[in-house]
Amino acid sequence: MAQNNIQLTKVLKQLFGFNQFKGDQEAIIKSLLDGNDVFVLMPTGGGKSLCYQLPAIVSDGLAIVVSPLIALMKNQVDAIRGISEERGIAHVLNSSLNKTETNQVLTDIKNGVTKLLYVAPESLTKEEYINFFQSVDISFYAIDEAHCISEWGHDFRPEYRNIQNITEKIGKRPIIALTATATPKVQDDIQKTLGMQKAEVFKASFNRPNLFYEVRPKIDAAKQMIKFINQRKGQSGIIYCLSRKKVEEITQILQVNGISAVPYHAGLDAKKRALHQDMFLMENADVVVATIAFGMGIDKPDVRFVIHYDIPKSLEGYYQETGRAGRDGGVGYCLAFYDYKDIEKLEKFLSGKPVSEREVGLQLLNEVVAYAETSMSRRKFLLHYFGEDFDEKNGAGAMMDDNMQNPKEKIDATQELKQFLDLLKDTKEMLKLNDLVKVLMGKSSVIIKSYGLQDSAFFGSGKERDDTFWQTIGRQAVVQNYCYKEVESYGVLKLRDKGKKFLEKPSEFKIVKDHDYSQLKVEADDLNKTAAGALDETLVKHLKEIRKKVGKKHKIPPFAIFQDPSLEDMATNYPTSIEELSNIYGVGEGKAKKFGKDFIHFIAQYVEENDIDRPEDFVFKNVVNKSTNKVFIIKSTDRKMDLEDIAKAKGMTMEELLSEMESIVYQGTKLNIDYYINDLIDEDLQDEVVEFLMEEAESDSMKELLDEFGDDMDENEIRLMRIKFISDVAN
Ligand code: ADP
Ligand code: MG
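An account of the accompanying structure is given in this report. Small disclaimer: the values here were computed from a predicted structure and weren't measured. (Residues numbered from 1 in each chain as written. Chains lettered and ligands numbered in written order. Predicted model: local features only at pLDDT ≥ 70, side-chain atom pairs only at ≥ 80, totals over all residues. Heavy atoms only, no water.)

1. Looking at the overall build of the protein chain
In terms of regular secondary structure, the protein chain is built from 34 helices and 17 strands. Seen through its principal axes, the protein chain has C-alpha atoms that stretch 100 × 75 × 50 Å. Across the 731 residues of the protein chain, 51% fall into the buried class. Sequence-distant contacts, at least 24 apart, represent 73% of the contacts inside the protein chain between residues at least 6 apart. For the protein chain, the accessible surface area stands at approximately 34500 Å², while carbon and sulfur atoms represent 48% of it. Positive and negative side-chain charges in the protein chain, numbering 97 and 117 respectively, have mean positions lying 7 Å apart. (Helix = DSSP H or I, 4+ residues; strand = E, 2+ residues; numbered from the N terminus. Buried < 20%, exposed > 50% of the residue type's maximum accessible area, 1.4 Å probe, protein only. Contact = heavy atoms within 4.5 Å. Areas by Shrake-Rupley, 256 points an atom, 1.4 Å probe, with all protein chains shown as cover. Lys, Arg positive; Asp, Glu negative; His and termini not counted. Charge placed at Lys NZ, Arg CZ, Asp CG, Glu CD.)

2. As for the site of ligand 1
Contacts to ligand 1 come from 13 residues, most closely from Q20, Q25, G45, K48 and S49. The backbone of Q20 places a nitrogen or oxygen atom 2.7 Å from a nitrogen atom of ligand 1. The protein chains hide 68% of the 570 Å² of surface that ligand 1 would expose on its own. Among the residues making up the shell around ligand 1, the classes are represented as four nonpolar, seven polar and two charged. (Near = heavy atom within 4 Å. Polar contact = N/O pair within 3.5 Å; in protein donor to acceptor, adjacent residues only side chain to side chain. Nonpolar A, V, L, I, M, F, W, Y, C, P; charged D, E, K, R; others polar.)

3. Some words on the pattern of salt bridges
Counted according to the given criterion, the structure contains 25 salt bridges. Between R216 and E214 there is a salt bridge, with its nearest N and O atoms 3.0 Å apart. Just as R216 is buried, E214 falls in that class too. We note a salt bridge from K345 to D342, for which the minimum N-O separation is 3.5 Å. Placement of both K345 and D342 in helix α14 (residues 340–350) is noted, with a separation of three residues, approximately one turn of the helix. Its relative accessible area of 8% is what places D342 among the buried residues. Look at the salt bridges and you will find they share partners, linking K218, D310, D342 and K345 into a network. (Salt bridge = Lys/Arg side-chain N within 4 Å of Asp/Glu carboxyl O.)

4. So, the nonpolar core
Of all hydrophobic cores here, the largest spans 80 residues; its most connected members are F133, I143 and L194. Ranked by residues supplied to this core, first place goes to helix α15 (residues 355–373) with eight residues. Ignoring sequence-local partners within four residues, the contact set of L194 consists of I143, I149, I163, Q164, I175 and A177. (Core = buried A, V, L, I, M, F, W, Y, C linked by side-chain atoms within 4.5 Å.)

This is the structure in structure tokens:
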């Protein structure tokens with residue numbers, strides 16, 4: 001079966017049109033062709049498919065490829081068919097085929113035409129197929145996305161468990177297993193489950209030097225995202241959320257704020273999903289907001305950012321999803337928002353699952369928390385998680401994360417590490433990190449009691465520190481190889497030689513304290529407050545002057561131009577364009593265009609002269625839930641519907657309806673309610689009110705109006721008159 005170099009390169013060129021093998025491809029293919037079991041760990045996009053496609057084609061017999069997703073199989077088969085004259089060279093065998101199609105596949109296999117057969121694991125278990133395959137010459141088995149075998153992976157599929165059973169029934173042949181994410185634990189699982197412990201392992205580096213990693217506390221995340229995206233106008237990005245509802249919500253917020261975004265989740269029908277995917281690929285939409293369903297098999301090379309609006313359930317998922325950024329080698333910015341509350345939600349969700357699944361889920365979540373809270377090199381942390389050492393000073397992409405760019409001060413923790421490792425040793429290396437921390441903090445648990453540890457000298461010996469501190473010590477001891485999490489028991493800490501040596505002769509150990517997000521939250525809130533509350537009183541005074549002038553120019557009272565709260569919002573956010581102005585509280589687009597010019601010119605000049613740092617992110621429109629009501633009100637008044645009926649139709653009280661109408665007219669939209677008012681209020685009285693507002697009134701306050709007309713009209717009638725007035729004179 002062995003082939004020599006020259007031939008392989010030639011085949012590569014002939015069949016695939018590539019001049020060179022990528023990474024370890026050639027060595028992998030050779031090893032497989034030599035009859036070895038092979039285990040391939042290679043990041044997404046590394047070129048795993050070719051590692052079984054090429055040998056399948058040059059080998060005698062049929063290669064069986066197990067792959068979890070029907071959609072992906074189809075793509076691959078189409079690609080292979082594209083390189084051969086023989087359509088039957090590759091086939092899919094799964095539940096999507098009808099009887100005739102299935103028979104065609106089996107015939108092609110029997111006739112030796114087919115070299116590659118993609119099967120879903122559940123099809124492989126069918127008795128009739130097993131019998132059939134026993135009569136076929138099999139070249140090898142390829143197990144793609146092999147991490148699906150392990151329940152410790154992020155994508156466990158129970159059907160994958162049976163694979164070894166079946167391949168043995170069909171006949172033992174070499175196996176090639178491939179995955180883009182496998183922690184040491186998962187790798188171990190895969191090899192055991194497939195009975196390929198002796199496999200030759202090829203592990204490519206998982207480092208993606210061009211990706212920048214950042215975690216931010218999840219405060220005003222939507223606002224932060226809009227600012228982030230606006231600084232990257234026209235660039236492609238993906239935003240991941242955990243629920244369909246969030247996807248829809250975020251998409252709407254982005255759209256309202258002028259970002260071209262489309263939603264993508266399993267709740268949309270296939271046509272919509274395909275459409276949105278195409279829009280993203282063809283760059284008719286910059287941003288796709290998606291649940292994790294998006295991205296499998298999608299290869300857009302120039303995705304410039306991946307945002308996790310919700311923190312993912314596992315670091316495997318996180319790595320895969322962030323991995324979709326920067327495929328072309330350009331920078332990919334990976335921003336995740338972290339709030340411990342989200343973790344608690346996910347934990348709650350897990351509590352409904354069977355025990356084993358829950359255990360696994362919680363462990364995976366723990367790692368996510370550790371990653372989010374760590375202050376060390378995120379790249380080092382992530383790569384360590386996948387069993388790879390990384391030099392955070394000189395490694396490729398070393399500076400490409402928030403923690404490395406803004407390093408926290410290191411503190412000496414030699415004494416504490418000694419304390420921690422002493423405890424680890426003293427408890428015979430049988431505890432997990434959380435339990436060790438509990439002992440130090442003097443907290444009991446079933447396990448701690450069962451070992452009688454509440455009587456040990458260690459119990460409560462670390463109380464002057466807090467949980468977070470000891471967690472940090474533990475995590476960093478692991479990452480710096482003083483101890484490790486045992487693969488078998490997933491999480492029990494064991495000493496490494498470095499740790500044992502340290503216990504004999506402690507040498508300096510420094511840590512960076514983890515981010516404390518509970519703390520950060522308070523600070524960020526405060527920050528927001530000062531930023532949002534920074535009302536510029538001087539500017540307000542100037543703006544009031546301008547309002548007067550503009551009023552004179554248009555011959556209407558100043559309050560009909562913009563109301564005080566609008567001026568105050570301007571003096572907080574400093575809008576300098578009509579677009580920005582129309583995002584100011586109580587200012588609609590119509591009014592912004594009609595009266596805004598003098599205001600923005602003045603503000604622009606004021607900002608310049610006083611060297612003011614404008615908040616860039618204020619251009620933020622909330623999705624107004626009531627906007628449907630507004631449209632309804634405008635349409636209904638156009639049709640001269642009774643206000644009582646309008647209110648009833650929307651389940652509002654009259655007062656609520658009036659408030660909505662006020663907000664409509666103050667934002668600059670016309671509402672014609674003469675038909676209603678004329679029936680209600682005497683015409684002379686109407687004229688009096690208009691004249692008063694036009695000539696005498698200091699403001700449009702209800703107080704002033706009530707003082708003047710309270711004897712003749714009730715409050716609602718006065719409000720109606722005010723609505724009419726603003727609508728008539730200002731809009
Ligand atoms: P993976 O399964 O590891 O995510 P794929 O097998 O889908 O990656 O390959 C990713 C891309 O790399 C594909 O577009 C493929 O055509 C390309 N590719 C694979 N091998 C080579 C090679 N030797 N030279 C150039 N491009 C390659
Ligand atoms: Mg692949």
